[in-house]
Amino acid sequence: MWTQNNLFFRKRLLQTFAHFFDVISMIILCLPIKYNVKLQHEIIRKTYKNMKNYIKHDPWRIIEEGFNDDLNRNSESVCSIGNGKGGQRANFEETFTGNTLQGSYVSGVYYPDKTRVGWWKNGYPEYFAKMLNAPSWIGIHINIEGEELDLAKCKVDNFSRVLDMKRGVLERHFVATLQSGKRLEVNSTRFMSIVRDEIGAIKYTVKPLNFSAMATVISDVDADIVNQDSNYDEKFWVEISKHADDSISVTAETKKTKFQVCTAAVTRFSVDTKNDEPILREKYAGKRFYLTLKENETVVINKYACITSTMYYTPDEIEAKTDAVLYEAVSAGFETLLAEQERAWDLKWQESDIIIDGDVAAQQGIRFNIFQLNQTYTGRDERLNIGPKGFTGEKYGGTTYWDTEAYCLPFYLATADKKVAHSLLVYRWKHLAKAIENAEKLGFTGGAALYPMVTINGEECHNEWEITFEEIHRNAAIANAVRIYVNYTGEQKYLADYGLEVLIGISRFWAQRVNWSVEREKYVMLGVTGPNEYENNVNNNWYTSYSAVQNMKYTIFAIDFVKKNYPDDFARICKTTNFDERETEKWNDIIEKMYLGYDEKRKVFIQNDGFLDKELIPVSQLDPKVRPINQHWSWDRILRSCYIKQADVLQGIYFFEDNFDVETIKRNFEFYEQFTVHESSLSSCIHNILAAKVGLYDKAYQFYLNASRLDLDDYNNDTCDGCHITSMGGTWMTVVQGFGGMRIKNGMLSFNAVLPEKWNSYSFQIRHKDNVLKIEVSKSGTHIERLSGPETEVIVNEEVIIV
């Protein structure tokens with residue numbers, strides 16, 4: 001992995017490679033084209049092998065320069081675009097037979113793929129829900145006198161793919177030389193509108209550089225697509241209808257779940273076309289246009305698409321509604337739609353931008369993370385949530401994990417209207433009945449709620465036993481999110497309206513999940529898996545047990561608060577949940593007598609029973625050749641090792657930081673971090689925040705880089721599958737909570753900021769209650785400006801000030 005210390009060397013090395021390619025390219029051009037295409041691809045492939053950090057540093061843009069088939073799937077991931085309702089990987093519009101992962105996604109539309117396991121256990125979910133690869137709308141296929149434009153089969157010069165994060169636009173440029181020697185210049189501009197969130201638009205230009213010729217262009221909608229991760233290589237869409245006239249359209253339906261998606265498109269040209277032909281086949285609608293290309297004259301192709309689903313329209317009306325929305329966009333025109341997009345993104349950046357002066361790589365990294373968060377979730381629909389890959393890839397199926405509450409909620413609380421974070425919490429409240437049903441499947445009773453590890457509709461759909469049955473700490477994150485939301489917003493009525501019902505269900509689960517140990521004379525929590533998934537089926541995971549205690553404490557507080565302040569709501573909750581206040585007697589007993597492992601010698605919390613019996617060899621002594629260990633070691637060896645995938649004890653300390661003094665935090669950090677391999681995208685952010693808290697600023701900075709550039713530099717060798725969207729909320733936390741030291745104390749914002757040595761300054765905006773504040777940290781100190789709202793008290797370096 002490249003580090004900041006050799007950043008200068010890396011830049012010089014890349015410059016050397018660039019010069020090398022300039023020289024080699026001149027040699028290649030002297031060869032017949034059928035040879036130089038093959039040689040070009042081979043040289044690039046061998047030279048760039050294992051060299052993934054190819055993205056050019058720029059404060060606002062993700063820039064790929066030079067075409068490399070081996071890295072194409074990485075670029076498709078990082079340059080993905082979306083608008084909350086759907087998204088699209090940065091696939092090429094034209095035909096491409098090279099290394100690609102086609103990906104178009106419609107939020108909320110899923111398929112229950114049958115669970116595929118070699119053995120079945122009672123309580124297993126019967127399916128894995130996945131957000132499907134949806135019908136493709138981007139296709140613009142160019143054929144010139146029988147030669148198909150395909151970058152996998154021609155010589156490519158001056159290639160660039162640029163995600164302009166400031167404008168929310170994907171741009172591409174290249175010059176292609178076909179086998180016949182014809183050269184053409186292509187530019188494309190594409191976006192998914194966040195203003196008209198059912199619309200996507202493409203401006204695609206073709207300019208012949210050394211020829212004039214007849215050409216055909218096929219614009220299509222293709223629903224005959226597959227999911228790479230299908231358990232049985234099954235296709236999930238069936239055709240309902242299609243047509244091809246002025247517009248092209250395919251309405252397809254998911255098997256089993258019966259969601260319908262209507263994808264329609266209209267294509268317009270800057271030149272006359274002749275004898276246009278419809279193309280209709282199963283699950284496919286296209287239109288073939290005939291036109292004349294003239295040397296050095298540019299042809300502009302504008303494609304407008306509308307993607308709708310029966311999440312919002314009935315099957316009887318979906319096609320007519322799609323048509324109406326589509327032609328509104330066509331009437332507006334590409335430039336108007338683009339201007340709307342740019343204005344909307346400007347407003348988003350005004351709300352959520354983080355500005356870093358003095359470190360372009362750090363600036364690009366944080367903006368990339370913020371951009372992906374803003375285009376993945378808008379909060380407009382309480383039925384939707386945030387998948388770990390967002391709209392950038394298929395892995396994890398677009399489902400919801402505990403990541404949302406643990407890592408994403410703070411970002412939306414502080415940067416968006418309160419209703420956005422509110423929607424995230426209400427999503428779980430709406431799934432409470434399913435959480436109770438999930439618990440019942442495992443033998444729990446009386447309204448105990450176990451929220452799923454993985455879900456898209458409230459049902460558990462994860463089928464690994466150590467996760468489904470044991471990684472129950474996900475309940476803790478959901479309960480803790482209620483506490484965080486109420487403390488941050490001051491909206492205590494939320495407890496009466498929604499939160500208390502969720503808290504009661506979770507506390508009931510904890511009360512049944514523990515058992516009394518005669519030997520220890522304590523309550524114990526057996527057979528669990530903590531956040532460190534490199535240990536399974538352990539007893540007394542400190543994080544899980546401590547979180548259960550804190551959840552029950554907060555539930556008891558919430559019961560007393562709602563009973564006193566909202567008695568009518570409390571009566572309603574008691575009736576709907578069949579709650580008896582005597583239940584809290586058991587909860588208080590567990591709170592008082594829960595076993596929480598502690599090592600008197602080291603003065604640290606014990607991650608779980610048996611951890612200190614392991615061979616405690618720091619990660620620094622591992623041979624780099626075996627990293628990551630999950631790709632080199634057997635699972636048996638990993639489970640017996642001391643190595644920690646991500647923050648475990650430290651996750652609990654982060655969530656409940658106010659319960660520990662700085663010395664305790666530092667001891668636990670220094671003990672556990674030395675054994676942590678950080679092979680989860682969720683690891684670096686928590687370690688950054690705690691490192692900054694205890695004054696380990698160099699470590700905090702390295703954790704920031706790891707978090708912010710995880711996908712851009714492909715640290716985990718998996719960017720090709722999609723980006724780590726939910727961990728990006730954690731990246732935002734590294735700046736605001738880590739370096740900025742932001743906390744909530746007594747209902748007030750509090751800051752204890754530090755400035756990384758490599759930065760000149762940084763600034764960010766925070767929404768809190770009725771205020772919007774701008775916080776700027778520089779070498780002269782921390783400056784806070786009130787941008788809107790009434791005067792308010794803020795704590796800066798433990799001193800209360802009025803802004």
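Residues numbered from 1 in each chain as written. Predicted model: local features only at pLDDT ≥ 70, side-chain atom pairs only at ≥ 80, totals over all residues. Heavy atoms only, no water.

(A) Region of the structure containing the overall build of the chain. On a plain count of helices and strands, the chain comes out with 21 helices and 30 strands. A globule of 803 residues ought to have a C-alpha radius of gyration of about 28 Å, and the chain, at 28 Å, matches this closely. With respect to the three principal axes, the spread of C-alpha positions in the chain is 85 × 60 × 60 Å. Every one of the 803 residues in the chain was classed for burial, and the buried ones make up 62%. Once local pairs closer than 6 in sequence are excluded, the contacts in the chain between residues at least 24 apart make up 68%. Counting only carbon and sulfur atoms, one obtains 48% of the accessible surface of the chain, whose full area is about 31,300 Å². A gap of 2 Å separates the mean positions of the 94 positive and 110 negative side-chain charges of the chain. (Helix = DSSP H or I, 4+ residues; strand = E, 2+ residues; numbered from the N terminus. Rg over C-alpha atoms; globule rule 2.2 N^0.38 Å. Buried < 20%, exposed > 50% of the residue type's maximum accessible area, 1.4 Å probe, protein only. Contact = heavy atoms within 4.5 Å. Areas by Shrake-Rupley, 256 points an atom, 1.4 Å probe, with all protein chains shown as cover. Lys, Arg positive; Asp, Glu negative; His and termini not counted. Charge placed at Lys NZ, Arg CZ, Asp CG, Glu CD.)

(B) Focus on unusual backbone geometry. At the junction of R627 and P628, the peptide bond is cis and its omega measures out at -10 degrees in the coordinates. Inspection of the secondary structure assignment puts P628 in the loop between strand 23 (604–605) and helix 16 (635–640). In this structure, E521 takes a positive phi of about 55 degrees despite not being glycine. With respect to the helices and strands, E521 occurs in the loop between strand 20 (515–517) and strand 21 (522–524). The phi dihedral of D714 falls on the positive side, at around 55 degrees, and the residue is not glycine. Here D714 lies in the loop between helix 20 (697–708) and helix 21 (725–739).

(C) Inspection of the sheet that holds strand 6 (residues 140–144) at higher detail. Spatial ordering of the open sheet is given by 7-6-12-17-16, a layout of five strands whose pairing is antiparallel. Edge positions in the sheet fall to strand 7 (147–148) and strand 16 (274–281), since each has one partner strand and no second. Bridge analysis of strand 16 against strand 17 (residues 284–293) gives six bridges, and the strand direction is antiparallel. The residue bridging I279 from the neighbouring strand is G286, located in strand 17. (Pairing = 2+ DSSP bridges.)

(D) Representation of the sheet that holds strand 8 (residues 155–164) in the model. If you walk across this open sheet you meet the nine strands as 1-8-9-10-11-18-15-14-13, and the pairing is antiparallel. Of all the strands in the sheet, just strand 1 (61–65) and strand 13 (237–244) have a single pairing partner and so form its edges. Averaged over all adjacent pairs, the angle separating strand axes in this sheet is 15 degrees, with direction ignored. Looking at chain direction, strand 15 (residues 260–269) and strand 18 (residues 299–309) are connected through nine bridges and run antiparallel. Among the inter-strand pairings, A265 is bridged to a residue of strand 18, identified as A305. Lying on the sheet, helix 4 (residues 318–332) is in contact with strand 11 (199–208), strand 13, strand 14 (247–254), strand 15 and strand 18; it crosses strand 15 at an angle near 30 degrees. (Axes fitted to C-alpha atoms, helices over the stretch in contact; angles between N-to-C directions.)

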